[in-house]
Amino acid sequence: MSCSTGMVDLVVTSPPNGASAHGQVRSTRDTGERGVVKKDYRYSRDPANLAHVGLEQLLEAFTGILIQCRHMLRPGGHAVITTRPWRERGDIVRGYEHIKLANVAAYRARQAELLAKLERPVVAQGADS
């Protein structure tokens, strides 16, 4: 399918997270066995697949993918990136928590502003009594 530049409203994509985030994980709690068991963590066996490259190369390649997606978006369009939790040495990496919290704060401020407008009495202008 071919698409003209600037004609798409929405792009949804997911980076190939590789073994760090992909797959099924079972812990001691799930299995009763000590430790963590991971299975089905490969996208493919093709070494050229981005799921098999290091973090720096993955970020560089995915940045290129997003740049190309940007060219396809019309003004006001959105790009959505879906990801799974990222784990490094067993710990979940939470690199964007501050952005999420800032958006929640902005949402709550706007919500309070709109609720305050709803609570004000409406006065009809120019109406005869």
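Predicted model only: the values in this text are computed from it and were never measured. (Residues numbered from 1 in each chain as written. Predicted model: local features only at pLDDT ≥ 70, side-chain atom pairs only at ≥ 80, totals over all residues. Heavy atoms only, no water.)

**Student:** Just give me the short version of the environment of Glu 113, but keep the residues and values in it.
**Tutor:** Mapping Glu 113 onto the fold places it in helix α3 (residues 97–119). The class for Glu 113 is partly exposed, based on a relative accessible area of 40%. A polar side-chain atom of Glu 113 sits 2.5 Å from a polar atom in the side chain of Arg 110. (Helix = DSSP H or I, 4+ residues; strand = E, 2+ residues; numbered from the N terminus. Buried < 20%, exposed > 50% of the residue type's maximum accessible area, 1.4 Å probe, protein only. Polar contact = N/O pair within 3.5 Å; in protein donor to acceptor, adjacent residues only side chain to side chain.)

**Student:** So what about a nonpolar patch on the surface? Which residues, and what values?
**Tutor:** Together, Leu 10, Val 12 and Val 80 give the surface a local cluster of nonpolar side chains, amounting to about 250 Å² of exposed area. Within the element layout of this structure, Leu 10 appears in strand β1 (residues 8–13). (Patch = residues over 30% accessible without salt bridge, like charges linked within 9 Å, V, L, I, M, F, W, Y side chains within 5 Å. Areas by Shrake-Rupley, 256 points an atom, 1.4 Å probe, with all protein chains shown as cover. Salt bridge = Lys/Arg side-chain N within 4 Å of Asp/Glu carboxyl O.)

**Student:** A description of the environment of Val 11 should follow, citing residues and the corresponding values.
**Tutor:** Here Val 11 lies in strand β1. Owing to a relative accessible area of 14%, Val 11 belongs among the buried residues under this scheme. With near-sequence residues (within four places) excluded, Val 11 lies in contact with Cys 69, Leu 73, His 78, Ala 79 and Val 80. (Contact = heavy atoms within 4.5 Å.)

**Student:** So what about the side chain of Thr 13? Which residues, and what values?
**Tutor:** Mapped onto the secondary structure, Thr 13 falls in strand β1. A residue is classified by how much of its surface remains accessible, and Thr 13, at 19% relative accessible area, is buried. If sequence neighbours within four positions are ignored, Thr 13 has contacts with Phe 62, Leu 66, Val 80, Ile 81 and Thr 82.

**Student:** I'd love a proper account of the pattern of salt bridges, names of residues and values included.
**Tutor:** Scanning the model with the defined rule gives three salt bridges in all. Residue Asp 9 is joined to Arg 74 by a salt bridge in which the shortest nitrogen-to-oxygen separation is 3.3 Å. Here Arg 74 lies in strand β4 (residues 73–81) and Asp 9 lies in strand β1, a separation of 65 residues in the sequence. Accessibility expressed as a relative area gives 45% for Asp 9, which makes it partly exposed. What makes Arg 74 partly exposed here is its relative accessible area of 32%. Among the ionic pairs, Arg 110 bridges to Glu 113, the shortest N-O distance being 2.5 Å. One end of the pair, Arg 110, and the other, Glu 113, are both in helix α3, three residues apart, so they sit about a helical turn from each other.

**Student:** Go over helix α2 (residues 55–72) with me, naming the residues and quoting the values.
**Tutor:** Between its first and last C-alpha, α2 extends 26 Å over 18 residues, near the 26 Å set by a 1.5 Å rise per residue. When α2 is considered as a whole, its buried residues turn out to be Leu 58, Phe 62 and Cys 69. An end-on view of α2 places all buried positions within 20° of arc, on one side of the element. Exposed positions of α2 whose direction lies more than 90 degrees from the buried face are Glu 56, Glu 60, Gln 68 and Arg 70. (Expected span 1.5 Å × (residues − 1). Arc of directions from axis to C-beta.)

**Student:** Requested: an account of the environment of Thr 5, with residues and values cited.
**Tutor:** Mapped onto the fold, Thr 5 is located in the segment before β1. Ignoring sequence-local partners within four residues, the contact set of Thr 5 consists of His 71 and Met 72.

**Student:** So what's going on with the confidence of the model for the protein chain? Residues and values would help.
**Tutor:** Averaged over the protein chain, the pLDDT score is 76; the fraction of residues at 70 or greater is 71%. Of all helices and strands in the protein chain, the one with the weakest mean pLDDT is strand β6 (residues 91–93) (55), whereas β1 scores best (91). (pLDDT = per-residue confidence, 0-100.)

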